[in-house]
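Each chain, written out:
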Amino acid sequence: MSQTAAARSVIVHYHLFKNAGTSVERLLRQSLGDAWASWDKPESGAKISGQELQQWLEDNPKIRAVSSHQLVPPVPRGGFHVTPVVFVREPLSRVRSAWLFEWQKQKGLSEPKGSLTDYIEEKFKQKNTSVIANFQVSRLSNLQYDNVKQRLHRYNHELLPAACGFIESLPFVGLVDRFSDSLRLMADCTRKRFPDLVVQEHRENVTDDSSSTLEQRIELLRKEIGNDLFDELCVRNRLDLQLYSYASGRFSSALERLDDRAGRTQSRRLTLVR
(Lines give C-alpha, C1' and ligand atoms only; values in the text may rest on other atoms or scores of the structure.)
Protein backbone atom coordinates (compact mmCIF):
# COMPACT_ATOMS: atom_id res chain seq x y z
CA MET A 1 0.00 0.00 0.00
CA SER A 2 1.29 3.40 -0.93
CA GLN A 3 2.13 6.12 1.56
CA THR A 4 -0.81 8.18 0.24
CA ALA A 5 -3.27 5.35 0.86
CA ALA A 6 -1.81 4.69 4.31
CA ALA A 7 -2.36 8.33 5.28
CA ARG A 8 -6.03 8.33 4.27
CA SER A 9 -8.58 9.44 6.88
CA VAL A 10 -12.25 8.49 6.74
CA ILE A 11 -15.29 9.48 8.81
CA VAL A 12 -17.54 6.47 9.41
CA HIS A 13 -21.03 7.49 10.48
CA TYR A 14 -23.20 4.84 12.15
CA HIS A 15 -26.65 6.07 11.08
CA LEU A 16 -28.90 4.58 13.75
CA PHE A 17 -32.62 4.88 13.00
CA LYS A 18 -34.15 8.06 14.52
CA ASN A 19 -30.85 9.16 16.09
CA ALA A 20 -30.34 12.41 14.14
CA GLY A 21 -28.62 10.51 11.35
CA THR A 22 -30.19 12.45 8.49
CA SER A 23 -29.01 15.73 10.03
CA VAL A 24 -25.46 14.39 10.32
CA GLU A 25 -25.61 13.09 6.76
CA ARG A 26 -26.56 16.53 5.46
CA LEU A 27 -23.64 18.05 7.36
CA LEU A 28 -21.22 15.59 5.78
CA ARG A 29 -22.72 15.79 2.30
CA GLN A 30 -22.87 19.59 2.27
CA SER A 31 -19.27 19.92 3.41
CA LEU A 32 -17.60 17.05 1.53
CA GLY A 33 -19.73 16.75 -1.60
CA ASP A 34 -18.90 13.69 -3.70
CA ALA A 35 -16.33 12.59 -1.13
CA TRP A 36 -19.27 11.56 1.09
CA ALA A 37 -21.42 8.52 0.36
CA SER A 38 -24.22 6.53 1.94
CA TRP A 39 -23.86 2.77 1.65
CA ASP A 40 -26.36 0.08 2.61
CA LYS A 41 -27.22 -3.29 1.17
CA PRO A 42 -30.47 -3.52 -0.80
CA GLU A 43 -31.89 -6.19 1.49
CA SER A 44 -34.15 -4.84 4.23
CA GLY A 45 -32.82 -5.73 7.66
CA ALA A 46 -29.32 -6.55 6.39
CA LYS A 47 -26.23 -5.68 8.41
CA ILE A 48 -22.75 -4.65 7.34
CA SER A 49 -19.66 -5.87 9.18
CA GLY A 50 -16.50 -3.90 9.79
CA GLN A 51 -14.70 -6.17 7.37
CA GLU A 52 -17.26 -5.53 4.62
CA LEU A 53 -16.99 -1.77 5.04
CA GLN A 54 -13.21 -2.02 5.02
CA GLN A 55 -13.40 -3.72 1.62
CA TRP A 56 -15.91 -1.15 0.34
CA LEU A 57 -13.67 1.73 1.42
CA GLU A 58 -10.69 0.11 -0.26
CA ASP A 59 -12.76 -0.20 -3.45
CA ASN A 60 -13.79 3.48 -3.22
CA PRO A 61 -10.55 5.36 -2.48
CA LYS A 62 -12.00 8.84 -3.09
CA ILE A 63 -14.51 8.54 -0.25
CA ARG A 64 -13.65 10.55 2.87
CA ALA A 65 -16.90 9.96 4.78
CA VAL A 66 -19.52 7.23 4.66
CA SER A 67 -22.87 6.84 6.40
CA SER A 68 -24.62 3.51 6.86
CA HIS A 69 -27.86 2.42 8.54
CA GLN A 70 -26.70 -1.19 8.55
CA LEU A 71 -23.14 -0.93 9.84
CA VAL A 72 -22.31 -2.61 13.15
CA PRO A 73 -19.09 -2.63 15.21
CA PRO A 74 -16.18 -3.17 15.31
CA VAL A 75 -14.83 -0.12 13.47
CA PRO A 76 -13.35 -0.86 10.01
CA ARG A 77 -9.60 -1.48 9.92
CA GLY A 78 -7.18 -1.28 7.04
CA GLY A 79 -4.71 1.25 5.68
CA PHE A 80 -6.65 4.32 6.78
CA HIS A 81 -7.49 6.20 9.93
CA VAL A 82 -11.17 5.94 10.90
CA THR A 83 -13.05 8.58 12.87
CA PRO A 84 -16.32 6.93 13.98
CA VAL A 85 -19.39 9.13 14.49
CA VAL A 86 -22.14 7.71 16.71
CA PHE A 87 -25.16 9.46 18.21
CA VAL A 88 -27.09 7.84 21.06
CA ARG A 89 -30.64 8.79 22.06
CA GLU A 90 -32.71 8.43 25.20
CA PRO A 91 -34.74 5.33 24.22
CA LEU A 92 -38.16 6.36 25.54
CA SER A 93 -38.06 9.68 23.71
CA ARG A 94 -37.21 7.81 20.48
CA VAL A 95 -40.56 6.05 20.44
CA ARG A 96 -42.76 8.96 19.39
CA SER A 97 -40.31 9.93 16.67
CA ALA A 98 -40.23 6.35 15.34
CA TRP A 99 -44.05 6.21 15.36
CA LEU A 100 -44.47 9.47 13.46
CA PHE A 101 -41.86 8.46 10.90
CA GLU A 102 -42.98 4.87 10.26
CA TRP A 103 -46.74 5.35 10.53
CA GLN A 104 -47.05 8.80 8.98
CA LYS A 105 -44.10 10.38 7.16
CA GLN A 106 -42.80 7.20 5.54
CA LYS A 107 -46.31 6.40 4.29
CA GLY A 108 -46.97 9.94 3.05
CA LEU A 109 -50.02 10.39 5.30
CA SER A 110 -51.35 13.60 6.82
CA GLU A 111 -51.94 11.75 10.11
CA PRO A 112 -50.47 8.55 11.60
CA LYS A 113 -52.32 5.41 10.50
CA GLY A 114 -52.88 4.49 14.16
CA SER A 115 -52.34 5.77 17.67
CA LEU A 116 -49.03 5.74 19.51
CA THR A 117 -50.43 2.99 21.74
CA ASP A 118 -51.35 0.93 18.66
CA TYR A 119 -47.83 1.39 17.29
CA ILE A 120 -46.10 0.25 20.47
CA GLU A 121 -48.36 -2.78 20.89
CA GLU A 122 -47.81 -3.75 17.25
CA LYS A 123 -44.02 -3.45 17.64
CA PHE A 124 -44.06 -5.56 20.80
CA LYS A 125 -45.46 -8.46 18.79
CA GLN A 126 -42.12 -8.68 17.00
CA LYS A 127 -39.84 -11.03 18.89
CA ASN A 128 -36.34 -9.81 18.08
CA THR A 129 -36.49 -7.04 15.48
CA SER A 130 -38.30 -4.12 17.11
CA VAL A 131 -36.84 -0.65 16.61
CA ILE A 132 -38.24 0.43 20.00
CA ALA A 133 -36.86 -2.37 22.19
CA ASN A 134 -33.17 -2.20 23.17
CA PHE A 135 -32.50 -1.17 19.58
CA GLN A 136 -29.28 0.74 20.27
CA VAL A 137 -27.65 -1.94 22.41
CA SER A 138 -28.63 -4.53 19.83
CA ARG A 139 -26.94 -2.54 17.04
CA LEU A 140 -23.81 -1.49 18.94
CA SER A 141 -22.89 -4.74 20.71
CA ASN A 142 -21.49 -6.78 17.82
CA LEU A 143 -18.00 -8.09 18.59
CA GLN A 144 -16.93 -10.07 15.51
CA TYR A 145 -15.17 -8.16 12.75
CA ASP A 146 -16.29 -10.50 9.95
CA ASN A 147 -19.65 -11.70 11.29
CA VAL A 148 -22.88 -9.77 11.96
CA LYS A 149 -24.98 -12.65 13.23
CA GLN A 150 -26.59 -11.66 16.53
CA ARG A 151 -24.91 -13.80 19.17
CA LEU A 152 -27.43 -13.14 21.95
CA HIS A 153 -31.08 -12.15 22.27
CA ARG A 154 -31.58 -8.38 22.47
CA TYR A 155 -32.77 -8.66 26.09
CA ASN A 156 -29.64 -10.50 27.23
CA HIS A 157 -27.68 -8.39 29.73
CA GLU A 158 -24.38 -9.66 28.30
CA LEU A 159 -24.90 -7.31 25.34
CA LEU A 160 -24.63 -4.21 27.50
CA PRO A 161 -20.89 -4.43 28.34
CA ALA A 162 -20.11 -4.92 24.65
CA ALA A 163 -22.13 -1.84 23.65
CA CYS A 164 -20.62 0.23 26.46
CA GLY A 165 -17.16 -0.95 25.45
CA PHE A 166 -17.79 0.26 21.92
CA ILE A 167 -18.95 3.65 23.22
CA GLU A 168 -15.83 3.86 25.40
CA SER A 169 -13.60 3.19 22.37
CA LEU A 170 -15.00 6.16 20.41
CA PRO A 171 -13.14 9.48 20.18
CA PHE A 172 -16.47 11.11 21.10
CA VAL A 173 -20.12 10.13 21.42
CA GLY A 174 -23.00 12.43 20.50
CA LEU A 175 -26.36 12.71 22.25
CA VAL A 176 -29.40 13.52 20.14
CA ASP A 177 -30.91 15.47 23.01
CA ARG A 178 -27.75 17.59 23.26
CA PHE A 179 -27.28 18.00 19.54
CA SER A 180 -25.61 21.42 19.50
CA ASP A 181 -23.09 20.46 22.17
CA SER A 182 -22.52 17.15 20.39
CA LEU A 183 -21.52 19.01 17.25
CA ARG A 184 -18.99 20.99 19.28
CA LEU A 185 -17.38 17.70 20.31
CA MET A 186 -17.56 16.42 16.74
CA ALA A 187 -15.87 19.57 15.42
CA ASP A 188 -13.10 19.26 17.99
CA CYS A 189 -12.59 15.58 17.18
CA THR A 190 -12.47 16.00 13.40
CA ARG A 191 -10.63 19.34 13.15
CA LYS A 192 -7.13 17.91 12.78
CA ARG A 193 -7.78 15.27 10.13
CA PHE A 194 -10.65 17.06 8.36
CA PRO A 195 -9.78 20.79 8.50
CA ASP A 196 -12.22 21.55 5.66
CA LEU A 197 -15.18 19.91 7.37
CA VAL A 198 -17.81 22.51 8.29
CA VAL A 199 -19.63 21.13 11.35
CA GLN A 200 -22.84 23.09 10.97
CA GLU A 201 -26.14 22.30 12.69
CA HIS A 202 -29.00 21.04 10.55
CA ARG A 203 -32.39 19.72 11.62
CA GLU A 204 -33.37 17.14 9.02
CA ASN A 205 -36.18 14.57 9.21
CA VAL A 206 -37.36 15.87 12.60
CA THR A 207 -40.82 14.49 13.40
CA ASP A 208 -41.38 15.37 17.05
CA ASP A 209 -41.47 18.54 19.13
CA SER A 210 -37.94 19.60 20.03
CA SER A 211 -39.03 22.66 22.03
CA SER A 212 -40.03 20.64 25.11
CA THR A 213 -37.52 19.18 27.55
CA LEU A 214 -36.57 15.53 27.60
CA GLU A 215 -38.37 15.06 30.90
CA GLN A 216 -41.53 16.66 29.50
CA ARG A 217 -41.50 14.40 26.44
CA ILE A 218 -41.15 11.29 28.59
CA GLU A 219 -43.95 12.37 30.92
CA LEU A 220 -46.19 13.10 27.93
CA LEU A 221 -45.46 9.61 26.63
CA ARG A 222 -46.43 8.05 29.97
CA LYS A 223 -49.71 9.95 30.11
CA GLU A 224 -50.57 9.15 26.50
CA ILE A 225 -49.99 5.39 26.58
CA GLY A 226 -50.82 4.70 30.24
CA ASN A 227 -48.74 3.42 33.12
CA ASP A 228 -48.90 -0.28 32.26
CA LEU A 229 -47.67 0.07 28.68
CA PHE A 230 -45.13 2.69 29.75
CA ASP A 231 -43.73 0.27 32.36
CA GLU A 232 -43.54 -2.45 29.70
CA LEU A 233 -41.70 -0.05 27.40
CA CYS A 234 -39.17 0.66 30.15
CA VAL A 235 -38.65 -3.06 30.75
CA ARG A 236 -38.09 -3.72 27.06
CA ASN A 237 -35.56 -0.86 26.93
CA ARG A 238 -33.75 -1.49 30.20
CA LEU A 239 -30.44 -2.11 28.42
CA ASP A 240 -30.83 0.95 26.19
CA LEU A 241 -31.64 3.06 29.25
CA GLN A 242 -28.40 1.91 30.88
CA LEU A 243 -26.44 2.49 27.68
CA TYR A 244 -27.83 6.01 27.43
CA SER A 245 -26.85 6.69 31.04
CA TYR A 246 -23.32 5.45 30.35
CA ALA A 247 -23.03 7.50 27.15
CA SER A 248 -24.37 10.58 28.95
CA GLY A 249 -21.66 10.32 31.58
CA ARG A 250 -18.94 10.02 28.97
CA PHE A 251 -20.47 12.89 27.00
CA SER A 252 -20.57 15.20 30.03
CA SER A 253 -16.95 14.47 30.90
CA ALA A 254 -15.79 15.13 27.34
CA LEU A 255 -17.77 18.37 27.14
CA GLU A 256 -16.34 19.55 30.46
CA ARG A 257 -12.80 18.90 29.22
CA LEU A 258 -13.56 20.80 26.01
CA ASP A 259 -14.96 23.76 27.94
CA ASP A 260 -11.97 23.77 30.29
CA ARG A 261 -9.58 23.75 27.36
CA ALA A 262 -11.50 26.57 25.68
CA GLY A 263 -11.43 28.54 28.91
CA ARG A 264 -7.66 28.15 29.26
CA THR A 265 -7.16 29.21 25.65
CA GLN A 266 -9.30 32.31 26.18
CA SER A 267 -7.40 33.12 29.36
CA ARG A 268 -4.05 32.92 27.55
CA ARG A 269 -5.34 35.21 24.82
CA LEU A 270 -6.47 37.78 27.35
CA THR A 271 -3.10 37.61 29.05
CA LEU A 272 -1.30 38.23 25.76
CA VAL A 273 -3.55 41.20 24.97
CA ARG A 274 -2.79 42.78 28.30
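Residues numbered from 1 in each chain as written. Predicted model: local features only at pLDDT ≥ 70, side-chain atom pairs only at ≥ 80, totals over all residues. Heavy atoms only, no water.

1. Quick look at the pattern of salt bridges
No. 1: For the structure shown, the criterion picks out 14 salt bridges.
No. 2: Here Lys125 and Glu122 are joined by a salt bridge, their closest N and O atoms 3.6 Å apart.
No. 3: In this structure, Arg178 engages Asp181 in a salt bridge whose closest nitrogen and oxygen atoms are separated by 2.7 Å.
No. 4: The class for Arg178 is partly exposed, based on a relative accessible area of 34%.
No. 5: Put simply, Arg178, Asp181, Arg184 and Asp259 are held in one network by salt bridges that share partners. (Salt bridge = Lys/Arg side-chain N within 4 Å of Asp/Glu carboxyl O. Buried < 20%, exposed > 50% of the residue type's maximum accessible area, 1.4 Å probe, protein only.)

2. A short note on helix H4 (residues 91–105)
No. 1: Here H4 contains 15 residues, and its C-alpha end-to-end distance of 20 Å stays within 8% of the 21 Å for a straight helix at 1.5 Å per residue.
No. 2: In terms of burial, H4 is a largely internal element, 14 of the 15 residues being buried.
No. 3: The residue sitting at the N-terminus of H4 and contributing the capping side-chain oxygen is Glu90; that oxygen lies 2.9 Å from the backbone nitrogen of Leu92. (Helix = DSSP H or I, 4+ residues; strand = E, 2+ residues; numbered from the N terminus. Expected span 1.5 Å × (residues − 1). Polar contact = N/O pair within 3.5 Å; in protein donor to acceptor, adjacent residues only side chain to side chain.)

3. Regarding the state of the cysteines
No. 1: Going through the model one piece at a time under the given rule, you end up with zero disulfides.
No. 2: Lacking any disulfide linkage, Cys189 is separated from the closest cysteine sulfur, that of Cys164, by 19 Å.
No. 3: By relative accessible area, which is 25% here, Cys189 ends up partly exposed. (Disulfide = S-S within 2.5 Å.)

4. Brief notes about the environment of Gly114
No. 1: Positionally, Gly114 belongs in the loop between H4 and helix H5 (116–124).
No. 2: Linking Gly114 and Trp99, residues 15 residues apart in sequence, is a C-alpha distance of 9.1 Å.
No. 3: Those residues within four positions of Gly114 in sequence are excluded, and the remaining contacts are Trp99 and Trp103. (Contact = heavy atoms within 4.5 Å.)

5. Concerning the pairing of strand S4 (residues 80–88)
No. 1: Burial runs high along S4: eight of the nine residues are buried.
No. 2: Strand direction decides the pairing type here: strand S1 (residues 8–14) and S4, joined by seven bridges, are parallel. From the neighbouring strand, Arg8 faces S4, where its bridge partner is Phe80.
No. 3: Examined bridge by bridge, S4 and strand S5 (residues 174–175) share two bridges and lie parallel to one another. Bridge pairing in S5 links Val88 to Leu175. (Pairing = 2+ DSSP bridges.)

6. Some points on the packing of aromatic side chains
No. 1: In this structure the tally under the stated criterion is five aromatic pairs.
No. 2: Where Phe87 meets Phe179, the ring centres are 5.6 Å apart and the plane angle is 45 degrees; that geometry is what we call tilted. Here Phe87, found in strand S4, pairs with Phe179, found in helix H8 (residues 179–190); they are 92 residues apart in sequence, far enough to count as distant.
No. 3: Between Trp103 and Tyr119, the ring centres sit 5.3 Å apart and the planes meet at 85 degrees, which makes this aromatic pair edge-to-face. Note that Trp103 is positioned in helix H4 and Tyr119 in helix H5, a separation of 16 residues in sequence. You'll find Trp103 and Tyr119 in the same group, each marked buried.
No. 4: Against the face of Trp103 rests Lys113, its NZ or CZ located 4.7 Å from the ring centre.
No. 5: Against the face of Phe124 rests Arg236, its NZ or CZ located 4.1 Å from the ring centre. (Phe/Tyr/Trp six-rings, centres within 6.5 Å; stacked < 30°, edge-to-face > 60°. Lys NZ or Arg CZ within 6 Å of the ring centre and 35° of its normal.)

7. Here's the deal with the nonpolar core
No. 1: The biggest cluster of nonpolar side chains holds 78 residues, and the ones touching the most others in it are Val12, Leu28, Leu53, Leu57, Ile120, Ile132 and Leu233.
No. 2: Contact partners of Leu53, with chain neighbours within four places excluded, come to Val12, Trp39, Ile48, Val66, Leu71 and Pro76. (Core = buried A, V, L, I, M, F, W, Y, C linked by side-chain atoms within 4.5 Å.)

8. Looking at the confidence of the model for the protein chain
No. 1: Taken as a whole, the protein chain shows an average pLDDT of 91; of its residues, 91% reach a score of 70 or greater.
No. 2: Across residues 1–6 the pLDDT falls below 50, and counting only partners more than four positions away or on other chains, this stretch makes five contacts in the model. (pLDDT = per-residue confidence, 0-100.)

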